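# Structural overview
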Number of protein chains: 2
Amino acid sequence: MPTRSAPTDDRRAPLTRERVLRAAIDLADTAGLGALTMRSLAQALEVQPMALYHHLPNKDAILDGVVDLVFGEIDRPEPGGAWREELERRARSARRVLGRHPWAVVLLESRRSPGPATLQSHEAVLATLRAAGFSVAMAAHAYAVLDAFVYGFAVQEASLPFNADTAPEVAAAMMRDFPVDAYPALTEFATEHVFRPGYDFGDEFEYGLDLILDGLERVPLA
Amino acid sequence: MPTRSAPTDDRRAPLTRERVLRAAIDLADTAGLGALTMRSLAQALEVQPMALYHHLPNKDAILDGVVDLVFGEIDRPEPGGAWREELERRARSARRVLGRHPWAVVLLESRRSPGPATLQSHEAVLATLRAAGFSVAMAAHAYAVLDAFVYGFAVQEASLPFNADTAPEVAAAMMRDFPVDAYPALTEFATEHVFRPGYDFGDEFEYGLDLILDGLERVPLA
DNA sequence: ACCTGAACACCGTTCAAGT
DNA sequence: ACCTGAACACCGTTCAAGT
């Protein structure tokens, strides 16, 4: 180990594109996307705001870069492997990564200039499907339905006002002034299922993923 | 008809919550979500920015209100009807509405305080599933996978940099400096399918919707 | 080559005031 | 009751300058 303090004194390391993007992700993870401003990012890096513009052209480029790093965290399927297992692994990884970076969910699918990690991710999925015998048209169908589900689920999960642990308190608060008569099915749904101890919305992910993969398995590949 | 000019001189009508929200939707439809600021909204209503605060507490409340109006545009399924047809109709309607208001896609599932139209929408879906014999647990599965797909698809569609008409030009521009060797599956996918005349990403919606509804039909309701 | 300081044209929002 | 004017504490970004 040449330098023992590499991880701690990197506030003094020279600014690089990489360091700026990593700091941006840290900031969004801890304080949310709204707290990610050029000024707060500069402060986190102990530098003046204008120093950032020397490494990235503008804030949009920072968001593009950050999205590509997040895409890079998602496991890629192995072309040539069993397609169902490989796509399952990728889907679960995507959900896990987006769980770590909930602020990234709205960014991921809305950026217009994909970076290399994003392209490699798409490449790996398509190559896996083609290697398994899917026609180009069927691969398009499969990818569209799978990705819509994975991202849609991540959006819903990221916006839940509670998790499995905090559900009881949130439930009590919501029910206090909820017009139960106007929404009987919703009330039944909440009181008898969603807010019961043991219910975890996250479990719906595996159900939906299986349903979609079952459907893709049943259909002719060409 | 008591007043012949009701639709045209409503710039002079008194400000109401309703008028503010309608103007906000118009502004976002024509100029995007980024152009929706308190100041631009006030200008569209020919009023000073601070006048808005008399009808809505803050910008967040405007976004909440706008989301609820958009939810209100989505057809609700009829409980007691054939569940598959009813949910299909709702899903198609949701996609159409989100196509009209692409800026709303990122807002719809990320707001924390649902309005009455949002609650009625959820109520109608759950009531339809329950009336068709789905158990509460199965209704939760069905709703989660369907909604994740519908919103996820809308997100993807809203962020496509092209539509069926403009695809050829966009394709040519993208291919000019695309590293085809690094992404062979992606290149094949683009040149032999997605950018071919006649391909419409929107058609993937019907494929995925059918696949999911087929899956739900096959599964026991309880 | 890399960073800074001051400024510009924006934000959402508060507060005190007008009618 | 409803709207306004001026101000505050923020934004992203440009431009000219420092080392």
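Refer to the structure printed above.
In what follows, the accompanying structure is described. In this text the structure is predicted, and so the values were computed from the model without any measurement. (Residues numbered from 1 in each chain as written. Chains lettered and ligands numbered in written order. Predicted model: local features only at pLDDT ≥ 70, side-chain atom pairs only at ≥ 80, totals over all residues. Heavy atoms only, no water.)

### Describing the interface of chain B and chain A
To keep things clear, this is the line we draw: In this description, contact between two residues means that some pair of their heavy atoms is separated by no more than 4.5 Å. Buried area is calculated as the accessible area (1.4 Å probe) missing from two parts once they are joined, with the contributions of both summed. We count a salt bridge whenever a side-chain nitrogen from Lys or Arg sits within 4 Å of a carboxyl oxygen from Asp or Glu. Contacts described as polar in this section are N or O atom pairs within 3.5 Å, which, within protein, must combine one atom able to donate a hydrogen with one able to accept it, while residues neighboring in sequence count only if both atoms come from side chains. A run of H or I in DSSP counts as a helix once it spans at least four residues, and a run of E counts as a strand once it spans at least two, with each numbered from the N terminus. Nonpolar residues are Ala, Val, Leu, Ile, Met, Phe, Trp, Tyr, Cys and Pro. Charged residues are Asp, Glu, Lys and Arg, and all others, Gly as well, are polar.
With 49 residues of chain B at the contact, the number on the chain A side is 49 residues. For the pair chain B and chain A, the summed buried surface comes to about 4,300 Å²; carbon and sulfur atoms form 68% of the total. Summed over the three residues of chain B that lose the most area to chain A, namely B:Glu123, B:Tyr183 and B:Tyr207, the buried surface amounts to 13% of that side. Taken together, the connections running from chain B to chain A amount to two salt bridges. Here B:Arg130 makes a salt bridge to A:Glu188, at a shortest N to O gap of 2.7 Å. Across the chain B-chain A interface, the total number found is 12 residue pairs in polar contact (both at pLDDT 80 or more). If you list the elements that add at least two residues to the side of chain B that touches chain A, you get helix 7 (116-131), helix 8 (136-159), helix 10 (184-194) and helix 11 (203-218) of chain B. Ranked by residues supplied to the side of chain B that touches chain A, first place goes to helix 8 of chain B with 16 residues. When its residues are assigned to classes, the side of chain B that touches chain A shows 31 nonpolar, 10 polar and eight charged.

### Here's the deal with a negative patch on the surface
Residues and elements named next belong to chain A. The condition that has to hold: Like-charged residues are merged into a patch within 9 Å and nonpolar side chains (Val, Leu, Ile, Met, Phe, Trp, Tyr) within 5 Å, provided each residue has over 30% relative accessible area and no salt bridge. Residue burial considers only the protein chains on display, and all accessible areas are found by Shrake-Rupley using a 1.4 Å probe. When charges are tallied, Lys and Arg are placed among the positive residues and Asp and Glu among the negative ones, while His and the ends of the chain are skipped. We put the charge of a Lys on NZ, of an Arg on CZ, of an Asp on CG and of a Glu on CD. A 1.4 Å probe rolled over the protein chains alone gives each residue an accessible area, and that area as a share of the maximum for its type sets the label: buried under 20%, exposed over 50%, partly exposed in between.
Taken together, the side chains of Asp-165, Glu-169, Asp-200 and Asp-203 present a region of like negative charge at the surface. You can see Asp-165 is positioned in the loop between helix 8 (136-159) and helix 9 (167-176). Judged by relative accessible area, Asp-165 falls into the exposed class, the value being 66%.

### Let's talk about the relation of the copies chain B and chain A
Applicable threshold: The fit set for superposing copies consists of C-alpha atoms from residues with pLDDT of at least 70 in both; the fit itself is least squares.
When chain B is brought onto chain A, the operation consists of a screw motion whose angular component is 180° and whose axial shift is 0.0 Å, with 0.0 Å RMSD remaining. Taken together, these values place the two copies in the relation of a two-fold axis. Both copies present the same face, since 100% of the interface residues in chain B are matched by interface residues at the equivalent positions in chain A.

### A few points about the protein's contact with DNA strand C
So the rule is basically this: Definition of nearness: a residue and a molecule or strand are near each other if at least one heavy atom of the residue lies within 4 Å of the molecule or strand.
In the neighbourhood of DNA strand C, 15 residues make up the surrounding shell, with A:Gln48, A:His55, B:Arg39, B:Met50 and B:Lys59 lying closest. Per the 4 Å cut-off to the protein, sugar and phosphate atoms form 48% of the nearby atoms of DNA strand C. Between DNA strand C and the protein, one listed contact pairs a phosphate oxygen with a backbone N or O atom of B:Met38 at 2.9 Å. In the model, a base nitrogen of DNA strand C is placed 2.3 Å from a nitrogen or oxygen of the B:Arg39 side chain. Looking at side-chain class alone, the surface near DNA strand C contains seven nonpolar, five polar and three charged residues.

### What to know about the environment of B:Asp200
All names here are of chain B. Tracing the backbone through its elements, the reader meets Asp-200 in the loop between helix 10 and helix 11. A relative accessible area of 31% places Asp-200 in the partly exposed class. As for Asp-200 and Arg-96, which are separated by 104 residues in sequence, their C-alpha atoms are 15 Å apart. Separated by 2.9 Å, the side chain of Asp-200 and the backbone nitrogen of Gly-202 make a polar contact.

### Quick word on unusual backbone geometry
All names here are of chain A. In this structure, Glu-46 is a non-glycine residue whose phi angle is positive, near 55°. Mapped onto the elements, Glu-46 comes out in the loop between helix 2 (38-44) and helix 3 (49-52). By relative accessible area, Glu-46 is classed as exposed at 52%.

### Remarks on helix 4 (residues 59-73) of chain B
Residues and elements named next belong to chain B. This is how it is decided: One less than the number of residues in a helix, times 1.5 Å, gives the span that helix is expected to have.
In this model helix 4 runs 21 Å from its N-terminal to its C-terminal C-alpha over 15 residues, within 8% of the 21 Å that 1.5 Å per residue would give. Extensive coverage of helix 4 is indicated by the burial of 11 of its 15 residues. Every buried residue of helix 4 is accounted for by Ala-61, Ile-62, Leu-63, Asp-64, Gly-65, Val-66, Val-67, Asp-68, Leu-69, Val-70 and Phe-71. Where the residues of helix 4 are buried, they touch helix 1 (17-31), helix 2 (38-44), helix 5 (83-100), helix 6 (105-108), helix 7 and helix 8. Between a side-chain oxygen at the N-terminus of helix 4 and the backbone nitrogen of Asp-60 the separation is 3.2 Å; the capping residue is Asn-58.

### Structural notes on the protein's contact with DNA strand D
Close to DNA strand D lie 15 residues; A:Arg39, A:Met50, A:Lys59, B:Gln48 and B:His55 are nearest. Atoms of DNA strand D within 4 Å of the protein belong to the sugar or the phosphate in 48% of instances, the rest to bases. A:Met38 is positioned with one of its backbone polar atoms (N or O) 2.9 Å from a phosphate oxygen of DNA strand D. Here a phosphate oxygen of DNA strand D sits 2.8 Å away from a polar atom, N or O, in the main chain of B:Gln48. Looking at the surface near DNA strand D, the elements that each hand over two or more residues are helix 2 of chain A together with helix 3 (49-52) of chain B.

### Brief notes about the packing of aromatic side chains
Keep this limit in mind: Centres within 6.5 Å are what make two rings of Phe, Tyr or Trp a pair, Trp counting through its six-membered ring; a difference in plane orientation under 30 degrees is then read as stacked, over 60 as edge-to-face, and the rest as tilted.
For the structure on display, the rule yields 12 aromatic pairs over all chains. Ring centres 5.8 Å apart and planes at 50° place the aromatic pair B:Phe149 and B:Phe153 in the tilted group. With B:Phe149 and B:Phe153 both in helix 8 and four residues apart, the pair spans about one turn of that helix. Residue classification places B:Phe153 among the buried residues on the basis of a relative accessible area of 0%. Here the aromatic cluster, defined as three or more aromatic residues joined through ring pairs, consists of A:Phe149, A:Phe153, A:Phe201 and A:Phe205.

### So, the side chain of B:Arg90
Residues and elements named next belong to chain B. Structurally, Arg-90 can be placed in helix 5. Residue Arg-90 is classed as buried on the basis of its relative accessible area of 6%. Setting aside anything within four residues of it in sequence, one finds Arg-90 in contact with Ile-74, Asp-75, Pro-77, Ser-121, Val-125, Tyr-143, Asp-147 and Tyr-151.

### So, the environment of B:Pro197
Topologically, B:Pro197 is positioned in the loop between helix 10 and helix 11. B:Pro197 sits 115 residues away from B:Ala82 along the chain, and the two C-alpha atoms are 37 Å apart.

### Concerning the pattern of salt bridges
Tallied over the full model, the rule gives 30 salt bridges over all chains. Between A:Glu86 and A:Arg89 there is a salt bridge, with its nearest N and O atoms 2.6 Å apart. Of the two residues, A:Glu86 and A:Arg89 both sit in helix 5 (residues 83-100), three residues apart, roughly one turn of that helix. Exposure remark for A:Glu86: the relative accessible area of 13% places this residue in the buried category. Note that B:Arg95 and B:Glu157 form a salt bridge whose closest N and O atoms lie 2.7 Å from each other. With B:Arg95 in helix 5 and B:Glu157 in helix 8, this residue pair connects regions lying 62 residues apart in the sequence. Among the residues examined, B:Arg95 registers a relative accessible area of 24% and is labelled partly exposed. Several salt bridges converge on common partners, so that one network encompasses A:Arg84, A:Glu88, A:Arg92, A:Glu206, A:Asp210, A:Asp214 and A:Glu217.

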